[in-house]
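# Descriptive analysis of the structure
So the chains spell out like this:
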Amino acid sequence: MAYFLKKSNLKKGVYLQIYESFYDPQRGHTAHKSYKALGYVEDLVKKGIEDPVSFYKQKVLELNKQRNELLKQEKNKRISEEETPEKCSAISL
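In the structure shown here, the tally under the stated rule is four aromatic pairs. With a centroid separation of 4.9 Å and 65 degrees between ring planes, the pair formed by Y15 and Y40 is classed as edge-to-face. On the criterion of sequence distance, the pair formed by Y15 in strand β2 (residues 14–24) and Y40 in strand β3 (residues 29–40) is long-range, its members being 25 residues apart. Pairing F55 with Y56 gives two aromatic rings, centres 5.0 Å apart and planes at 80 degrees, and the pair type is edge-to-face. Positioned over the ring face of F22 is K33, at 5.6 Å from the centre of the ring.

Structure follows, in structure tokens:
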């Protein structure tokens with residue numbers, strides 16, 4: 001999963017952010033970076049979102065679904081664009 005919802009318990013309340021997880025080849029392990037800061041739960045409720053945590057969990061699922069579709073399209077594109085072995089062997093003759 002590339003995106004996840006981070007809930008931080010701060011003095012003012014619970015703060016929500018969407019984070020992106022990725023592989024960092026320099027460090028040799030996964031790393032995280034903030035994709036979007038959402039705000040405090042109380043402020044989001046005042047803006048009209050009844051349950052911000054479940055609302056943004058659904059948004060994270062949609063982001064992951066879009067990301068997976070893009071990855072599939074890129075993979076299919078790479079596979080279909082490769083030259084066949086017949087073409088390569090005909091060139092070397």
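After that view of the structure, there is still more to cover.
Chain-level statistics for the protein give a pLDDT mean of 87 and a share of 82% at 70 or above. The lowest-confidence element of the protein is helix α3 (residues 85–92), averaging 55 in pLDDT; the highest-confidence one is strand β1 (residues 3–9), averaging 96.

Quick look at the pattern of salt bridges now. On inspection of all chains with the given rule, the structure shows one salt bridge. Notably, a salt bridge pairs D24 with R27, separated by 3.0 Å at the nearest N-O pair. For D24, a relative accessible area of 11% puts it in the buried group.

We now examine the side chain of D24. The topology assignment puts D24 in strand β2. At 3.0 Å, the side chain of D24 forms a polar contact with the side chain of R27. Ignoring sequence-local partners within four residues, the contact set of D24 consists of H29, T30 and A31.

Calculation criteria
Residues numbered from 1 in each chain as written. Predicted model: local features only at pLDDT ≥ 70, side-chain atom pairs only at ≥ 80, totals over all residues. Heavy atoms only, no water. Phe/Tyr/Trp six-rings, centres within 6.5 Å; stacked < 30°, edge-to-face > 60°. Helix = DSSP H or I, 4+ residues; strand = E, 2+ residues; numbered from the N terminus. Lys NZ or Arg CZ within 6 Å of the ring centre and 35° of its normal. pLDDT = per-residue confidence, 0-100. Salt bridge = Lys/Arg side-chain N within 4 Å of Asp/Glu carboxyl O. Buried < 20%, exposed > 50% of the residue type's maximum accessible area, 1.4 Å probe, protein only. Polar contact = N/O pair within 3.5 Å; in protein donor to acceptor, adjacent residues only side chain to side chain. Contact = heavy atoms within 4.5 Å.

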